[in-house]
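One letter stands for each residue in the lines below.
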Amino acid sequence: MTALVEVKGLDKAFGGVHAVEGVSFAVEAGQVYSVIGPNGAGKTTLFNLITGLYIPSKGQILLNGENTTRLEPNQLAERGMCRTFQQMQICMNMTAIENVMLGRHLQLKSSLFTTLFRLPSLRRNEAAAHKRAADLMEYVGCGDYLEAEATAMSYGALKRLEIARALAAEPKVILLDEPAAGLNATETAALEELIGKIAEQGITVMLVEHDMKLVMGISDRLLVLNYGRVLAEGTPEEIRQNPDVIAAYLGG
Amino acid sequence: MLDRFMQSRLRGLVILALILIILPAFLGNPFHYELVTQIAIIAATVVGLNLLVGFAGQISLGHAGFFGLGAYFTGIATGTYGWSSIPALLVGAILVGIVAWIVGRPILRLKGHYLSMATLAVGFIIAIILNNERALTGGPDGMPVPPFEVFGWELSAFGRYSLFGLDIEGFQAWYIFASVVLLVAVWFALNLIESPIGRALRSVHGSEVAASVVGVNTAKYKSLVFVISAIYASLMGGLYAHFQGFITPAVASFEFSILLITMVVLGGMGSTFGVILGAVVLKLLPQVLADFQELETVMFGLILMMTMIFMPKGLLPTLTAIVSKRIRKKAGGEA
């Protein structure tokens, strides 16, 4: 069985700094795969490389066996990859539900002619997309904001809204960059439940996260980065007992 | 019933139509009609420009160039070569669309305000060509343009027409024509904004990264809206040429480009009806301040600055916010 996401010898240098160096790993379909490591370890850089926001200096990224190393983010979205951001990327000039409907972009192709005359087919598709977006907002737990402008939403709700938008795209793999950052304990528990539900649907989840309790609880496998290099890779149990990881985290 | 209407997406369009129907009661003479018809044509241009500026967040400082190109293409095709108006307008629009695409495509791949620089240059180039190609355009002296004509039927500001048995003057017929054009332009713009394409455009403004990770080809959509807004300008330029009957390179001038942008900013970027108000205010202002004609450009600059500082959302959105706040306060006070 080929891996859904496979990374081979990935390198990214910013000037003289190697943010990511010689990183290789594979994510099987249906897994929850987490990337952890101290601040500045290159976790977000790795995500930016995988999702096409950065171009790697060296190495390969394969999605479903296809080499996607130099594809643009929108081309990766067409191939079933979607993500959220540590620095949330919400369109504040739109309503909450419009942000989620934006996630349906690839499913909602309509011609300029259909659009200008607002033909019935477009109205039907829009109504269906609106319904789907509303369902997704309920699903991630921001159903209270169905009518709200994005600017009126709380930080925690916006984080969930971003997940709803990514899910609206019906991805095969969803990358969540620090979804629990800035959330309180209750919100984090709800998030853990949500990630579990997403994984149950058969969507592969890749996660960058600092909250160890969360990560260890839901991950099938983990990748530990330190100074841009792979320190360890394995199941939560293996990682917990890995002496290098313990040394890096506890400074021992 | 009334509530549902107020929620409806076409509410603004209906109100605009009502205003356009009632307006003639306040128009006394042909000059008033001429002014209002000009405003309608320019408002439609600005509605198109707003798609680019207000919704996609890209700035064009050369839109008068597209307007002028459309005007001159129509003028030359109908006047010099005897084309009918509709094909002249359409072919002109297609040509301008192609020019915009060629200019926009490479630049819009870049993030940031490179488009404003490029359009500034294109606007100047078009103005220079119109000034210098005397054989074709009459140079700085301008050129006459025949009246709007379809299948031998002419719409001239000096003609006399009959509409549903009612005798009307040519300038009144033009007013009706321009009003219908404006309503159609607004309807198209509203349909565009509230569609998957419109959402993609707004997302480019809101967060280009977010747009791209959900599959929006941001470069393609920016080019698309740039071309659409250029086509709006070209078509309106063509109509303007027919209506005025005479055009000079001033229609493609930098000053006019700035005026168009100022209308968008003053009225309210991203507010289709706001920018129409912007067009109305900035076209009427010179009439009111006729004594300070030489200060016109300074005035527009000042308005642009003041709006940016004190009303960044623009005239109509700011006024709407104030009014709805008042209403809510009142409702709250009674409860």
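Procedures and definitions
- Numbering of residues starts from 1 in each chain and follows the order in which that chain's sequence is written.
- Starting at A for chains and at 1 for ligands, labels are handed out in the order in which the entities are written.
- Under the rules for a predicted model, residues below a pLDDT of 70 receive no local features and side-chain atom pairs below 80 are neither given nor counted, while totals for whole chains, interfaces and linings still include all residues.
- Helix numbering and strand numbering both begin at the N terminus, where a helix is a DSSP run of H or I of at least 4 residues and a strand a DSSP run of E of at least 2.
- Both definitions apply: the radius of gyration is a C-alpha atom measure, and the globule rule equals 2.2 Å times residues to the power 0.38.
- Exposure in this text rests on C-beta crowding, where 20 or more other C-beta atoms within 10 Å of a residue's own make it buried, 12 or fewer make it exposed, and counts in between make it partly exposed. The C-beta atoms are placed from the backbone.
- Contact between residues is assigned whenever the C-beta positions, reconstructed from backbone atoms, fall within 7 Å.
- Under the grouping applied here, Gly and all other residues not named as nonpolar or charged are polar, the nonpolar ones being Ala, Val, Leu, Ile, Met, Phe, Trp, Tyr, Cys and Pro and the charged ones Asp, Glu, Lys and Arg.
- Strands are labelled as partners when DSSP assigns at least two bridges between them.
- As a rule, the C-alpha atoms of each element are fitted with a line to give its axis, helices using only the stretch in contact, and angles between N-to-C directions run from 0 to 180 degrees.
- What counts as a domain boundary in this text is fixed by an automatic or database domain assignment.
- Working definition: the nonpolar core is a set of buried Ala, Val, Leu, Ile, Met, Phe, Trp, Tyr and Cys residues, joined through C-beta atoms within 7 Å.
- One fewer than the residue count of a helix, multiplied by 1.5 Å, yields its expected span.
- The arc refers to the directions leading from the helix axis to the C-beta atoms.
- Any angle that falls under 35 degrees is termed roughly parallel, while one over 145 is termed roughly antiparallel, one within 65 to 115 roughly perpendicular, and all others oblique.

### Some words on the overall build of chain B
Right, so step 1: A count of helices and strands for chain B gives 15 helices and six strands.
Right, so step 2: The C-alpha atoms of chain B give 20 Å as radius of gyration, which agrees with the globular expectation for 335 residues (20 Å, within 12%).
Right, so step 3: With the C-alpha coordinates aligned to their principal axes, the bounding extent of chain B is approximately 65 × 50 × 40 Å.
Right, so step 4: Going through the 335 residues of chain B one by one, you find that 48% of them count as buried.
Right, so step 5: Long-range pairs, those at least 24 residues apart, make up 76% of the contacts in chain B with a sequence separation of at least 6.

### Here we look at the interface of chain B and chain A
Right, so step 1: Listed per partner, the contact involves 22 residues of chain B and 30 residues of chain A.
Right, so step 2: At the level of elements, helix H8 (170–193), helix H9 (196–206) and helix H10 (208–213) of chain B are the ones that each hand at least two residues to the side of chain B that touches chain A.
Right, so step 3: With eight residues, the top contributor of residues to the side of chain B that touches chain A is H9(B).
Right, so step 4: For the side of chain B that touches chain A, the class distribution of residues is 10 nonpolar, 10 polar and two charged.

### What to know about the sheet that holds strand E7 (residues 173–177) of chain A
All names here are of chain A.
Right, so step 1: Strand order in the open sheet made by the six strands is E6-E7-E8-E3-E9-E10, with mixed pairing throughout. Only two strands of the sheet have a single partner each, and these edge strands are strand E6 (81–83) and strand E10 (229–234). Ignoring which end each strand starts from, the neighbouring axes of this sheet average 15° apart.
Right, so step 2: Of the strand pairs in this sheet, strand E9 (residues 221–226) and E10 are connected by five bridges, and their pairing is antiparallel. Looking at E10, one finds that Leu 225 is bridged to Val 230.
Right, so step 3: Its contacts with the sheet put helix H1 (residues 43–50) on strand E3 (32–36), E6, E7, strand E8 (204–208) and E9, and the angle it makes with E7 is roughly 150°.
Right, so step 4: Each of E3, E7 and E8 touches helix H7 (residues 185–200); the most contacted strand, E8, lies at about 150° to it.

### Concerning the domain arrangement of chain A
Residues and elements named next belong to chain A.
Right, so step 1: In terms of domains, chain A is made up of domain 1 (1–79 + 204–252) and domain 2 (81–170).
Right, so step 2: Of note, the centres of domain 1 and domain 2, computed from C-alpha atoms alone, are 28 Å apart.
Right, so step 3: On the domain 2 side, the residues contacting the eight residues of domain 1 number six residues.
Right, so step 4: Contributing elements (two or more residues each) for the side of domain 1 that touches domain 2: H1 and helix H2 (73–78).
Right, so step 5: Ranked by residues supplied to the side of domain 1 that touches domain 2, first place goes to H2 with three residues.

### Comments concerning the sheet that holds strand E1 (residues 5–14) of chain A
Backbone hydrogen bonds hold the strands of a sheet together, and the pairing may be parallel or antiparallel.
All names here are of chain A.
Right, so step 1: Strand order across the open sheet formed by four strands is E2-E1-E4-E5, with antiparallel pairing between neighbours. Of all the strands in the sheet, the pair left with one neighbour each is strand E2 (17–27) and strand E5 (66–67).
Right, so step 2: Across five bridges, E1 lies against strand E4 (residues 58–63) in antiparallel orientation. Among the inter-strand pairings, Val 5 is bridged to a residue of E4, identified as Leu 63.

### Concerning the environment of B:Val122
Residue and element names in this part refer to chain B.
Right, so step 1: Summarising the element assignment, Val 122 is placed in helix H6 (residues 114–132).
Right, so step 2: When the C-alpha positions of Val 122 and Gly 65 are compared, they lie 7.1 Å apart, and in sequence the two are 57 residues distant.
Right, so step 3: Contacts of Val 122, omitting those with residues within four sequence positions, involve Gly 62, Gly 65 and Val 103.

### Here's the deal with the nonpolar core
Right, so step 1: By size, the foremost hydrophobic cluster in this structure holds 172 residues, and its most contacted members are A:Val100, A:Ala164, B:Ala43, B:Val46, B:Val47 and B:Val264.
Right, so step 2: Take this core: its biggest share by element is 17 residues, from helix H11 (residues 218–244) of chain B.
Right, so step 3: Split by domain, this core shows at least three residues from each of two domains, domain 1 (1–79 + 204–252) and domain 2 (81–170) of chain A.
Right, so step 4: With residues near it in sequence (within four places) discarded, B:Val47 still touches B:Ala185, B:Val186, B:Ala189, B:Tyr232, B:Thr272, B:Val275 and B:Ile276.

### A few points about helix H5 (residues 120–140) of chain A
Residue and element names in this part refer to chain A.
Right, so step 1: Between its first and last C-alpha atoms H5 spans 30 Å; for 21 residues at 1.5 Å apiece the expected length is 30 Å, and the two agree.
Right, so step 2: Listing the buried residues of H5 in full gives Leu 122, Ala 129, Ala 133, Leu 136, Met 137 and Val 140. Viewed end-on, H5 has its buried residues packed into an arc of 100°, placing them on one side of the element. The outward face of H5, more than 90 degrees from its buried face, is lined by the exposed residues Pro 120, Arg 123, Arg 124, Ala 127 and Lys 131.
Right, so step 3: In the core, the buried residues of H5 are packed alongside helix H3 (96–102), helix H4 (112–116), helix H6 (155–168) and H7.
Right, so step 4: Trailing H5 by a residue or two, Gly 141 shows a phi angle of about 95°, which is positive.

### Quick look at the pairing of strand E5 (residues 166–169) of chain B
Right, so step 1: As defined by bridge partners, strand E4 (residues 160–163) of chain B adjoins E5(B) across four bridges and the pair is classed as antiparallel. Its bridge partner being in E5(B), B:Ser162 is matched across the sheet by B:Asp167.

### Observations regarding the environment of B:Gly245
Right, so step 1: Here B:Gly245 is to be found in the loop between H11 and strand E6 (246–247).
Right, so step 2: Separated by 77 residues in the primary sequence, B:Gly245 and B:Ile322 place their C-alpha atoms 42 Å from one another.

### Some words on the packing of helix H3 (residues 30–55) of chain B against H11(B)
Residue and element names in this part refer to chain B.
Right, so step 1: At their nearest, the axes of H3 and H11 sit 7 Å apart, and the two run at 170° to each other. When the axis of H3 is compared with that of H11, the two are roughly antiparallel. Contacts from Thr 37, Ile 41, Ala 44, Thr 45, Val 47, Gly 48, Leu 49, Leu 51 and Leu 52 in H3 reach Val 225, Phe 226, Ile 228, Ser 229, Tyr 232, Ala 233, Met 236, Leu 239, Tyr 240 and Phe 243 in H11.
Right, so step 2: The class makeup of the residues in the contact of H3 with H11 is 15 nonpolar, four polar and no charged.

### Notes on the environment of B:Leu190
Residue and element names in this part refer to chain B.
Right, so step 1: Mapped onto the elements, Leu 190 comes out in helix H8.
Right, so step 2: C-alpha separation for the pair Leu 190 and Arg 9, spaced 181 residues apart in sequence, amounts to 8.3 Å.
Right, so step 3: In this view, Leu 190 contacts Arg 9, Leu 13 and Thr 272; residues no more than four positions away in its chain are not counted.

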